[in-house]
Amino acid sequence: MPTILVFDQDGTEHKLSAQTGDALMEPLRDAGLVQATCGGAASCGTCHVYLRDGWRANTGEYTEDEGYMLEGLEELVEVNDKSRLACQINLTDSLDGITLDIAPQI
Ligand code: FES
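Cut-off values and rules
- Residues numbered from 1 in each chain as written.
- Predicted model: local features only at pLDDT ≥ 70, side-chain atom pairs only at ≥ 80, totals over all residues.
- Heavy atoms only, no water.
- UniProt positions renumbered as here; feature names shortened; annotations may be inferred.
- Core = buried A, V, L, I, M, F, W, Y, C linked by side-chain atoms within 4.5 Å.
- Buried < 20%, exposed > 50% of the residue type's maximum accessible area, 1.4 Å probe, protein only.
- Helix = DSSP H or I, 4+ residues; strand = E, 2+ residues; numbered from the N terminus.
- Contact = heavy atoms within 4.5 Å.
- Phe/Tyr/Trp six-rings, centres within 6.5 Å; stacked < 30°, edge-to-face > 60°.
- Lys NZ or Arg CZ within 6 Å of the ring centre and 35° of its normal.

By the naming in an unreviewed UniProt entry, the chain is 2Fe-2S iron-sulfur cluster binding domain-containing protein, taken from Parasphingorhabdus halotolerans. As stated in UniProt under Sequence similarities (unreviewed entry), the record for the chain gives "Belongs to the adrenodoxin/putidaredoxin family."

In structure tokens, the structure reads:
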């Protein structure tokens, strides 16, 4: 059961528990930290997060749809090398302790 450490827009820390196999977006949405309006289809950009402390390297490559969505987000918010769409990351036990910041909401 992976634990997720989240810093919201106010810098407040949230420690969430998740189920292995869930998308990272799901516990963030359930805690009210992201809207996830597209339900995980990589088409709304509201689950954009910045991964901390080298976690970006542990989460694999962007999916094709995610790459397009992040390109589109660049006009609205900062997109950097720590950016991911949380709906495109499947939680595994190796992601226990993953730490992230919620990106500015669009
Ligand atoms: S939930 Fe819409 S892009 Fe991730």
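(A) A look at the nonpolar core. Formed by 28 residues in total, the largest nonpolar core has its most connected members in Ile4, Val6, Leu24, Leu28, Leu85, Leu100 and Ile102. Put simply, the parts of the chain that give this core at least two residues each are β1 (3-7), α1 (25-30), β3 (48-51), α2 (64-73) and β5 (98-102). Setting aside residues no more than four positions away along its own chain, Leu28 makes contact with Val6, Leu16, Leu33, Val34, Val49, Ala86 and Ile102.

(B) Looking closely at the packing of aromatic side chains. What the rule picks out here adds up to zero aromatic pairs. The ring of Phe7 carries Arg52 above its face, with NZ or CZ at 3.9 Å from the centroid. Cation over ring: Arg56 sits above Tyr62, and NZ or CZ is 4.6 Å from the ring centre.

(C) Structural detail: unusual backbone geometry. A positive phi angle is found at Ala42, which is not glycine, with a value near 60 degrees. Here Ala42 is to be found in the loop between α1 and β3. By relative accessible area, Ala42 is classed as buried at 7%. For Asp53, which is not a glycine, the phi torsion comes out positive at approximately 55 degrees. Of note, Asp53 is situated in the loop between β3 and α2.

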